[in-house]
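A structural walkthrough
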Amino acid sequence: MSDRAYAFFEEQQKARGINIDEVKARLKALKIETPSWGYGDSGTRFKVFQKEGVPRNPFEKFDDAAQVHKLTGIAPSVAIHIPWDKVDDYGKLKIHAESLGLSIGAVNPNLFQDEDYMLGSVTNSDAAIRRKATNHLLECVDIAKETGSKEFSLWFADGTNYPGQGHIRKRKAWMQEALAEMYGALSPDMRLLIEYKCFEPAFYHTDLADWGMAYNLAQKLGPQAEVLVDTGHHLPGANIEHIVAYLLDEKRLGGFHFNSRKYADDDLIVGTVNPYELFLIFYQIVSAAGDSDAGVRQNAESITYMIDQSHNIEQKIPAMLRSVLNVQTQLAKALLINHDEVNEAAERHDVLGAEDAVRRAFEFDVTPLLHAIREEQGLPHDPMKAYLSSSYGKDILARGKGGASW
Ligand code: LRH
Ligand code: MN
Ligand code: MN
């Protein structure tokens, strides 16, 4: 992209009243956490395809994640899943991450793959199983203290398949009891990010099925608990940006798990199915970042953006590059919304004028802007192209097949 293209873009945006220096600063401040599991073999319940060159252990997952950060400059941390990323020495993993310019991000306790958890983990009617599950949560707090992680993404598969199978109110109390114990073990600078999901693997009821349940629980636990919005975890037709705005106004939006869905929790590459939805999510966040309430502004600034995807047929590293670049693109577009224009139209009751002021920002081509900020940061204009023309993808084929999976 030529300098002329950027000069034209800048002139055009300045004429619309957009503060381009601020837009650039905000884009440079964007950080997106990538998930360790997105680099390994993962897939659907029908088949996990084994790819050549996939990391064989958590250390190699960080090696691959470092490529994504090196080329985009916006993916400096990696979420881990325990026990998928179990290692003997977490201090060693931390040193390895740091040597690559990365840090270890959210710790995800895994309470859905143990035989004991078939009828629930923290909400199981058997007290011994609840104890085992709660101990795993506490073990994850210890791991976070070793890795320097400050956050936990908490997702529970707990639920039932049939009416009568479980006592819904008792299970609600057990969930709160377990999380209260975990909350008590946190350091003051740690946060619990509570994830909800409407269904799957439980198909009758899920103990934390929607944002309202997660929000209620977060409120009961205390200020270090917030809600995590996974974009694939809603019933069809849900207005996710409304949920985002509501949680921001309540100052309880902790973070995102980004992915795309067409039908259910499809875990496809974010921004591929409905990029306008992602743009509208960022519209709400950018709007909140300019709110008159300092608490709302602070919440908008402290959101943790994470990718949570399963790359079944895709090449793992290019899939992750595509994901973080898609998020960056939609934020760039949302930063071009002229909020005064939107608000003035809304006040005039000019419905179509307000909609137009929002949509127009989405319709700009932000490529010249993204090239300009990458150039200013010494990054390649086109990170995907740079990766594909590097030897990294070929070099890792020496790892062979049968790498780490889910
Ligand atoms: C559940 C989920 C949750 C898990 C991840 C692998 O559907 O979104 O965040 O930890 O997938
Ligand atoms: Mn998730
Ligand atoms: Mn999911």
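Note that the structure is predicted; figures quoted are calculated from it, not measured.

Once that is clear, we can look at the UniProt feature "domain: Xylose isomerase-like TIM barrel" (unreviewed entry) in the protein. The UniProt feature table records "domain: Xylose isomerase-like TIM barrel" (unreviewed entry) at residues 90–266. Helix makes up 40% of residues 90–266 and strand 18%. Its end C-alpha atoms lie 31 Å apart.

Next up on the list: the site of ligand 1. The local shell around ligand 1 consists of Asn108, Ser153, Trp155, Glu195, Lys197, Asp230, His257, Asp265 and Asp308. Along the lines of polarity and charge, the residues of the shell around ligand 1 split into one nonpolar, three polar and five charged.

Okay, the pairing of strand S3 (residues 103–109) next. For S3, a buried count of six out of seven residues is recorded, marking the element as mostly surrounded by other parts of the structure. Where strand S2 (residues 77–82) and S3 come together, five bridges link them in parallel fashion. Across the sheet, the residue bridging to His81 is Asn108, located in S3. Of the crossover connections in this fold, the one passing from S2 over helix H4 (residues 90–99) to the parallel S3 is right-handed.

The next thing to look at is the packing of helix H6 (residues 168–185) against helix H7 (residues 211–221). Across the interface, H6 lies against H7 with an axial gap of 10 Å and an inter-helix angle of 45 degrees. Relative to H7, H6 is oriented oblique. For the crossing formed where H6 meets H7, the hand is right-handed. Residues Met175, Gln176, Leu179, Ala180 and Tyr183 of H6 form the contact with H7, whose own contacting residues are Leu217, Lys220 and Leu221. Residue classes in the contact of H6 with H7 are distributed as six nonpolar, one polar and one charged.

Here the focus is the environment of Gln13. By secondary structure assignment, the location of Gln13 is in helix H1 (residues 3–15). A sequence separation of 325 residues divides Gln13 from Asn338, and the C-alpha atoms of the two residues are 9.8 Å apart. Gln13 has contacts with Ile18, Ile20 and Leu336, leaving out every residue within four places of it along the chain.

A few words on the environment of Met213. Examined against the element boundaries, Met213 turns out to sit in helix H7. Each C-alpha atom, one on Met213 and one on Ile285, is 22 Å from the other, the two residues being 72 residues apart in sequence. The contacts of Met213, once residues within four sequence positions are left out, are Tyr196 and Leu208.

So, about H7. Those residues of H7 lying buried are Trp211, Ala214, Tyr215, Leu217 and Ala218. Along the axis of H7, the buried positions cluster into a sector of 165 degrees, meaning they face one direction only. Turning to H7, the residues buried within the fold contact H6, strand S6 (191–195), strand S8 (225–230) and helix H8 (240–249). Phi turns positive, to about 135 degrees, at Gly222, one or two residues after H7.

Inspection of the secondary structure puts Ala404 in the segment after helix H16 (392–395). Along the backbone, Ala404 and Asp85 are 319 residues apart, and their C-alpha atoms lie at a distance of 9.2 Å.

Core analysis: the largest hydrophobic core is formed by 103 residues, its most contacted members being Leu192, Ile194, Ala214, Val227, Val244 and Val324. A total of 10 residues in this core trace back to one element, the largest contributor, which is helix H11 (residues 316–334). Excluding anything up to four places from it in sequence, Val324 contacts Ile32, Thr34, Val68, Thr72, Ile74, Ala75 and Ile307.

Once that is clear, we can look at the pairing of S8. Taken across its six residues, S8 has six buried, putting it largely inside the fold. Where S6 meets S8, four bridges bridge the pair, whose relative direction is parallel. Bridge assignment links Glu195 to a residue of S8, and that residue is Leu228. With four bridges connecting them, S8 and strand S9 (residues 253–258) associate as parallel partners. For Val227, the partnering residue across the bridge sits in S9 and is Leu253. Crossover S8 to S9 through H8 is right-handed.

Attention now moves to helix H14 (residues 367–376). Along H14, the positions that sit buried rather than exposed are Leu369, Leu370, His371, Ala372, Ile373 and Arg374. Here the buried face of H14 lies against H1, helix H2 (20–29) and H11. A positive phi of about 70 degrees marks Gly378, the residue just after H14.

Glancing now at the confidence of the model for the protein. Scored by pLDDT, the protein has a mean of 97; 99% of the residues are at 70 or more. For this predicted complex, the interface confidence reaches an ipTM of 0.99, while the overall pTM sits at 0.98.

Here Ile82 and Pro83 are connected by a cis peptide whose omega angle stands at 20 degrees. You can see Pro83 is positioned in the loop between S2 and H4. Look at the link from Glu200 to Pro201: it is a cis peptide, with omega at 10 degrees. The residue Pro201 is located in the loop between S6 and strand S7 (205–206) in this model. In this structure, Glu200 is a non-glycine residue whose phi angle is positive, near 80 degrees. As for its position among the elements, Glu200 is in the loop between S6 and S7. By C-beta crowding, Glu200 is classed as partly exposed, having 14 other C-beta atoms within 10 Å. Although it is not a glycine, Asp267 adopts a positive phi angle of roughly 55 degrees. Inspection of the secondary structure puts Asp267 in the loop between S9 and helix H9 (275–289). On the neighbour-count criterion, Asp267 (23 C-beta atoms within 10 Å) is buried.

What counts and what doesn't
- Residues numbered from 1 in each chain as written.
- Chains lettered and ligands numbered in written order.
- Predicted model: local features only at pLDDT ≥ 70, side-chain atom pairs only at ≥ 80, totals over all residues.
- UniProt positions renumbered as here; feature names shortened; annotations may be inferred.
- Helix = DSSP H or I, 4+ residues; strand = E, 2+ residues; numbered from the N terminus.
- Near = placed C-beta within 6 Å.
- Nonpolar A, V, L, I, M, F, W, Y, C, P; charged D, E, K, R; others polar.
- Buried ≥ 20, exposed ≤ 12 C-beta atoms within 10 Å, placed from the backbone.
- Pairing = 2+ DSSP bridges.
- Right-handed = clockwise from strand over helix to strand, strands pointing away.
- Axes fitted to C-alpha atoms, helices over the stretch in contact; angles between N-to-C directions.
- Parallel < 35°, antiparallel > 145°, perpendicular 65-115°, else oblique.
- Left-handed = near helix turned anticlockwise from the far one by under 90°.
- Contact = placed C-beta atoms within 7 Å.
- Arc of directions from axis to C-beta.
- Core = buried A, V, L, I, M, F, W, Y, C linked by C-beta atoms within 7 Å.
- pLDDT = per-residue confidence, 0-100.

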